[in-house]
Amino acid sequence: MTSANSSNILSSTFYLTGIPGYEKFHHWISIPFCLLYLVGIMGNCTILHVVRTDPRLHQPMYYFLAMLSLTDMGMSLPTMISLFRVLWSISREIQFNTCVVQMFFIHTFSFTESSVLLAMALDRYVAICHPLRYATILTPTLITKIGIAALLRSAFAMIPLLARLAFFPFCHSHILSHSYCLHQDMIRLACADTKFNVIYGLVLITLLWGMDSLGIFVSYVFILHSVLKISSQEGRFRALNTCASHICAVLILYVPMIGLSIVHRFAKHSSPLIHIFMAHIYLLVPPVLNPIIYSVKTKQIRQGILHLLFPLRISSSMM
C-alpha cells in the first residue's frame, strides 16, 4: 500500500531541465533570458497601450495587432516562472496539474496566434482589394467575433489531447527535456499506448496550422493579383509595404514552430541543446520581434510610441 501511494506521488511530480552541461552557468544564462522577457513584455504592453489610447489607431488593422500582442504574451508568460525557477536553482519540480495547465496555455495561444495571423492576412486582403468597403466589412463586432472564435477553436481543440494525459501512467523517467511543459515532450515519458495523442496531435497541427497557412497563402495570391493591376510602381510598392510587417510576423511564428515539430519527431536522438534551443526560439522570438517589427515598419505605431515617450515634444511639432 505504501509503495502504491509513493508511486502515485512520484507520477504526479515531474522535473524540468535547464541547459544540460551548463548548470554552473545557469545564473549567468538567466540574464539574457530575463532581458528577452522584459523586451517582449514591455514591447507588447506598449503596443496594447498605444492602440487603446490613440484614437487614430482604432482601426481593424491595429485591433488585430493588439490581438497578436495578447497571444504573444499568452505564449511566453506561462513559461517565465518555471524557467527562472530552474535557472535560479529554486526548484526543478513541477506538479502534473500545473504542467497540464502550462501546456494548455502554450499550445492554445500558439494555435490562436496562427489564427490571428490569418485574420491579419484577410485584413490586408480587404484593405488592398476592396478599400472602399474596408470599414463596412471589418466592423468592430466582426473583429471581436473573429478574436473569440480563434481563441475558442484553439482551446477546445486542445482539451481531448490534454485530458487523456490524466489516464497515462508515468512509470519511468519523470525528467522533461525543457524548462517548461510541452505535450510532445510529456507523452514520450508515458508507459501507455500514446497512439491517439500522436495521431490527434498531427491531425490538429495539419488542420489548424495547415488551414491557417493555406488561408494566408490564398490571401496573398489575391493581394499580388490586385497589386499587379496598379499602374504606378510607387503605388505597387506602397501597397506591398503595408504587408511587410505581417509577412515577417508569419515567418517568425511558423519557421520556429515547424522547426520544433521536426526536431521532436525526426531528431529525437540529436543533442539536447538543439531541442532546448529550438523550444526557446519558438516561445521567445515572436513576442520579442513582433513589437519591434511593427514599431519600425508601421508609421502610425511608431508615432504613437513617440507620442507616449515624448508627449510635449511630439504635440508641439504637430502644431
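Residues numbered from 1 in each chain as written. Predicted model: local features only at pLDDT ≥ 70, side-chain atom pairs only at ≥ 80, totals over all residues. Heavy atoms only, no water.

Trainee: Just give me the short version of the layout of surface pockets, but keep the residues and values in it.
Mentor: The volume enclosed by the second largest pocket comes to roughly 380 Å³. Of all elements in the fold, only helix H3 (60–87), helix H4 (96–129), helix H9 (233–266) and helix H11 (299–309) reach the threshold of two or more residues within the lining of the second largest pocket. Considering every element that reaches the lining of the second largest pocket, the biggest residue donor is H9, with 4 residues. (1 Å grid on protein atoms, 1.4 Å probe; cavity = no way out; pocket = protein on both sides within 12 Å on 5 of 7 lines; lining within 4 Å. Points joined across faces, edges and corners; volume = space filled by probe spheres on them. Helix = DSSP H or I, 4+ residues; strand = E, 2+ residues; numbered from the N terminus.)

Trainee: A description of the nonpolar core should follow, citing residues and the corresponding values.
Mentor: Counting residues in hydrophobic clusters, the biggest one holds 72 residues, and the most contacted among them are Leu117 and Met186. At 15 residues, the largest contribution of residues to this core is made by H4. Ignoring anything within four residues of it in the chain, the contact list for methionine 186 reads Phe14, Phe96, Cys99, Met103, Leu165, Phe170 and Leu176. By size, the runner-up hydrophobic cluster in this structure holds 6 residues, among which are Tyr37, Phe84, Leu87 and Leu284. (Core = buried A, V, L, I, M, F, W, Y, C linked by side-chain atoms within 4.5 Å. Buried < 20%, exposed > 50% of the residue type's maximum accessible area, 1.4 Å probe, protein only. Contact = heavy atoms within 4.5 Å.)

Trainee: Explain the pattern of salt bridges to me, and be specific about the residues and the numbers.
Mentor: Counted by the stated rule, this structure contains 5 salt bridges. We note a salt bridge from aspartate 185 to arginine 188, for which the minimum N-O separation is 2.7 Å. For arginine 238, the salt bridge goes to glutamate 234, with nearest N and O atoms at 2.8 Å. With arginine 238 and glutamate 234 both in helix H9 and 4 residues apart, the pair spans about one turn of that helix. Neither arginine 238 nor glutamate 234 differs from the other in exposure class; each is exposed. (Salt bridge = Lys/Arg side-chain N within 4 Å of Asp/Glu carboxyl O.)

Trainee: Account for the state of the cysteines, naming residues and giving values.
Mentor: All told, the structure shown has 1 disulfide when counted by the stated rule. Two residues share a disulfide in this structure: cysteine 99 and cysteine 181, whose sulfurs sit 1.8 Å from each other. In this structure the cystine formed by cysteine 99 and cysteine 181 twists about its S-S bond by roughly -110°; its chirality is therefore left-handed. Here cysteine 99 is found in helix H4, whereas its partner cysteine 181 is found in the loop between helix H6 (140–163) and helix H7 (183–186), with 82 residues between them in sequence. Given the relative accessible area of 0%, cysteine 99 is considered buried. Cysteine 34 forms no disulfide, and the closest cysteine sulfur to it belongs to cysteine 45, at a distance of 15 Å. Of all cysteine sulfurs, the one in cysteine 243 lies closest to cysteine 129, which takes part in no disulfide; the gap is 9.0 Å. (Disulfide = S-S within 2.5 Å.)

Trainee: I'd love a proper account of empty space enclosed by the protein, names of residues and values included.
Mentor: Tallied over the entire structure, the rule returns 2 cavities of 30 Å³ or more. A volume near 190 Å³ is recorded for the largest cavity. If you trace the largest cavity, you find 17 residues lining it, with His107, Phe111, Gln184, Ile205 and Trp209 closest to the centre. Listed by contribution, the elements that provide at least two residues to the lining of the largest cavity are H4, H6, H7, helix H8 (195–227) and H9.

Trainee: Residues and numbers for the side chain of histidine 280, please.
Mentor: Mapped onto the elements, histidine 280 comes out in helix H10 (residues 272–297). Residue histidine 280 is classed as buried on the basis of its relative accessible area of 10%. Setting aside residues no more than four positions away along its own chain, histidine 280 makes contact with Phe33, Leu83, Ser179, Tyr180 and Val285.

Trainee: Can you explain the UniProt feature "transmembrane region" (unreviewed entry) in the chain? Please cite residues and give values.
Mentor: UniProt records the feature "transmembrane region" (unreviewed entry) at residues 28–51, 63–88, 100–122, 134–159, 198–223, 244–267 and 273–293, using the numbering of this structure. Spanning residues 100–122, this segment combines 100% helix with 0% strand, and its end C-alpha atoms are found 33 Å apart. Secondary structure content for residues 273–293 is 100% helix and 0% strand, while the C-alpha to C-alpha distance between its ends is 28 Å. (UniProt positions renumbered as here; feature names shortened; annotations may be inferred.)

Trainee: Describe the packing of H4 against H6, listing the residues and the values that go with them.
Mentor: The geometry of H4 relative to H6 is characterised by a closest axis approach of 8 Å and an angle of 140° between their N-to-C directions. On the basis of their axis angle, the class for H4 and H6 is oblique. Here H4 and H6 pass one another in a crossing that is right-handed. Facing Val100, Met103, Phe104, His107, Thr108, Phe109, Phe111, Thr112, Ser115 and Ala119 of H4, the residues of H6 in contact are Ile146, Ala150, Leu151, Arg153, Ser154, Ala155, Met158, Ile159 and Leu162. Residues that form the contact of H4 with H6 fall into these classes: 13 nonpolar, 5 polar and 1 charged. (Axes fitted to C-alpha atoms, helices over the stretch in contact; angles between N-to-C directions. Parallel < 35°, antiparallel > 145°, perpendicular 65-115°, else oblique. Left-handed = near helix turned anticlockwise from the far one by under 90°. Nonpolar A, V, L, I, M, F, W, Y, C, P; charged D, E, K, R; others polar.)

Trainee: Give a description of a nonpolar patch on the surface that names residues and reports values.
Mentor: Together, Tyr22, Phe25, Trp28, Ile31, Leu35, Leu38, Met42 and Leu273 make up a nonpolar patch on the protein surface, roughly 860 Å² of accessible area in all. No other element matches the 5 residues that helix H2 (residues 26–53) contributes to the nonpolar patch. Within the secondary structure, isoleucine 31 is located in helix H2. (Patch = residues over 30% accessible without salt bridge, like charges linked within 9 Å, V, L, I, M, F, W, Y side chains within 5 Å. Areas by Shrake-Rupley, 256 points an atom, 1.4 Å probe, with all protein chains shown as cover.)

Trainee: Explain the packing of aromatic side chains to me, and be specific about the residues and the numbers.
Mentor: The geometry of an aromatic ring pair is captured by the separation of the ring centres together with the interplanar angle, meaning the angle of the planes. Enumeration according to the criterion identifies 10 aromatic pairs in this entry. Aromatic side chains phenylalanine 104 and phenylalanine 105 sit 5.8 Å apart centroid to centroid with 75° between the ring planes, which places their arrangement in the edge-to-face category. We classify phenylalanine 104 as partly exposed; its relative accessible area is 25%. A ring pair is formed by phenylalanine 111 and tryptophan 209, whose centres lie 5.4 Å apart and whose planes are at 50°; its orientation type is tilted. With a gap of 98 residues between them, phenylalanine 111 in helix H4 and tryptophan 209 in helix H8 connect regions that are remote in the sequence. This pair shows no difference in class: phenylalanine 111 is buried, exactly as tryptophan 209 is. (Phe/Tyr/Trp six-rings, centres within 6.5 Å; stacked < 30°, edge-to-face > 60°.)

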